[in-house]
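Chain by chain, the residues:
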Amino acid sequence: MSHDNLIDGRSIAEELHRETAARVEALGVRGVQPGLAFVRVGEDPASQVYVGMKEKMSARLGIRSQTHVLPGDTAEAELLTLIERLNGDPAIHGILVQAPLPDQIEARKVYSTISPAKDVDGFHPVNMGRLLLGDTTGFVPCTPAGVHELLIRSGVNIQGAEVVILGRGNIVGKPMAAALIQKARHADATVTVCHSRTRDLAAHCRRADIVIAAMGVPQFVTAEMIQPGAVVIDVGVNRITDPSAPRGHRLVGDVDFAAVQPLAGRITPNPGGVGPMTIAVLMQNTVRAAESAVDGRGR
Ligand code: NAP
């Protein structure tokens, strides 16, 4: 199997990390260390892993992080009070509340409480609005921003391209579409967003130059759905049972990689594609938040 067409998310993320580390150093010269606060509610195992990875990367890049772990039965008001406190803490430049949140807490309220200037996850309505309006001063959610960066840095032509996004979630699909439809350099795509009510999803996919799969359905995208030469980006993270795996399960994406890779023009591996980029953009957003705070450009 040839690997010539792989989009190596790990090495592109490293490129971003090098740039971020240089910016952290430049801030250090000005006497500022970027500070990032993680908030986790309950003991969701995946959230523990994700926050752990982000903590490690923060430390590696010289970003000071702190993690607040609240019990699963925490009242919404208590979480909002913590966020308000972090909003007012000058040593904290970015705040990330790890999803999923327990049922008694309304995620929308939580994201709206984070100061837009510290909203490094980009979920505050002000930042979502800026993204839609093409105002580049806001924060773009990390996963779609990471996918966008992957496309740009891999030299994929986006301008005028037919892009099909599978999934209209608030975290990936919707902001991804908003980023790629902008009248701007590295955007200007013609975007179709498919979801569970789309009539003939495969037909949309087959005419796409770029397919971005963000549904959360294991190996949904098959070879029959892809036009030869298309660029395929697999955002999905799905746990499937596999008795032969050491823990009895393994992670797969939304794309049937083995079947699609031979005919794709470019394709992301999964893992090793979008995941590392998500963390890289989070770190980049945090440094940008710190730079803005230092320059007195709080958003
Ligand atoms: P979400 O909010 O649950 O959205 C899923 C979308 O997929 C919905 O729009 C849904 O349609 C659509 N969908 C589900 N099953 C479908 C089907 N059989 N046919 C057509 N459409 C279908 O998910 P999300 O938060 O955006 O995340 C999407 C995926 O990305 C997940 O696998 C998640 O784990 C992954 N993810 C990865 C990263 C990373 O760093 N790699 C980060 C974030 C998310 P309806 O709207 O009609 O229900």
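Fair warning: this is a prediction, and the values are worked out from it, not measured in the lab.

1. Regarding the sheet that holds strand 2 (residues 64-70)
- Read from one edge of the open sheet, 3 strands run 2-1-3, paired in parallel fashion. Across the chains shown, the open sheet's two edge strands, defined by having one partner strand only, are strand 2 and strand 3 (94-97). With direction set aside, neighbouring strand axes in the sheet form an average angle of 15°.
- As paired elements, strand 1 (residues 35-41) and strand 3 share 4 bridges and run parallel to each other. Residue Ala 37 lies in a different strand from strand 3, and its bridge partner there is Ile 95.
- Strand contacts of helix 2 (residues 45-61): strand 1, strand 2 and strand 3, with the helix running at about 170° to strand 1, the strand carrying the most contacts.
- Relative to strand 2, helix 3 (residues 76-87) is tilted by about 165°, and along the sheet it contacts strand 1, strand 2 and strand 3.

2. Observations concerning the domain arrangement of the protein
- What the domain assignment lists for the protein is domain 1 (32-115) and domain 2 (142-275).
- The straight-line distance from the C-alpha centre of domain 1 to that of domain 2 is 28 Å.

3. Focus on the pattern of salt bridges
- Following the criterion strictly, the structure yields 11 salt bridges and no others.
- When the shortest N-O distance is used, the salt bridge between Glu 14 and Arg 60 registers 2.8 Å. Placement of the pair is Glu 14 in helix 1 (residues 9-29) and Arg 60 in helix 2, with a sequence separation of 46 residues.
- Take Glu 14: its relative accessible area is 28%, and that puts it in the partly exposed class.
- The partner of Arg 30 in a salt bridge is Asp 295, and the shortest N-O contact between them spans 2.8 Å. Within this pair, whereas Arg 30 is found in the loop between helix 1 and strand 1, its partner Asp 295 is found in the segment after helix 10 (274-294), the two being separated by 265 residues in sequence.
- By relative accessible area, Arg 30 is classed as partly exposed at 48%.
- With a relative accessible area of 36%, Asp 295 lands in the partly exposed category.
- One network of salt bridges, in which partners are shared, links Glu 15, Glu 19, Glu 149 and Arg 153.

4. What about the site of the ligand?
- Among the 21 residues in the neighbourhood of the ligand, the closest are listed as Thr 143, Arg 168, Ser 196, Gly 216 and Thr 278.
- In this structure, Arg 168 approaches the ligand through a side-chain N or O atom, which is 2.7 Å from an oxygen atom.
- Contact distances for the ligand include 3.1 Å between an oxygen atom and a backbone N or O atom of Val 237.
- Contact with the protein chains hides 67% of the accessible area of the ligand, taken as 930 Å² for the molecule alone.
- Here the shell around the ligand gets 3 residues from one element, more than from any other, and that element is helix 10.

5. Concerning the pairing of strand 2
- Where strand 1 meets strand 2, 7 bridges bridge the pair, whose relative direction is parallel. Across the sheet, residue Phe 38 finds its bridge partner in strand 2, namely Thr 67.
- The handedness of the strand 1 to strand 2 crossover, carried by helix 2, is right-handed.

Cut-offs used in this document
Residues numbered from 1 in each chain as written. Predicted model: local features only at pLDDT ≥ 70, side-chain atom pairs only at ≥ 80, totals over all residues. Heavy atoms only, no water. Pairing = 2+ DSSP bridges. Helix = DSSP H or I, 4+ residues; strand = E, 2+ residues; numbered from the N terminus. Axes fitted to C-alpha atoms, helices over the stretch in contact; angles between N-to-C directions. Contact = heavy atoms within 4.5 Å. Domains from an automatic or database assignment. Salt bridge = Lys/Arg side-chain N within 4 Å of Asp/Glu carboxyl O. Buried < 20%, exposed > 50% of the residue type's maximum accessible area, 1.4 Å probe, protein only. Near = heavy atom within 4 Å. Polar contact = N/O pair within 3.5 Å; in protein donor to acceptor, adjacent residues only side chain to side chain. Areas by Shrake-Rupley, 256 points an atom, 1.4 Å probe, with all protein chains shown as cover. Right-handed = clockwise from strand over helix to strand, strands pointing away.

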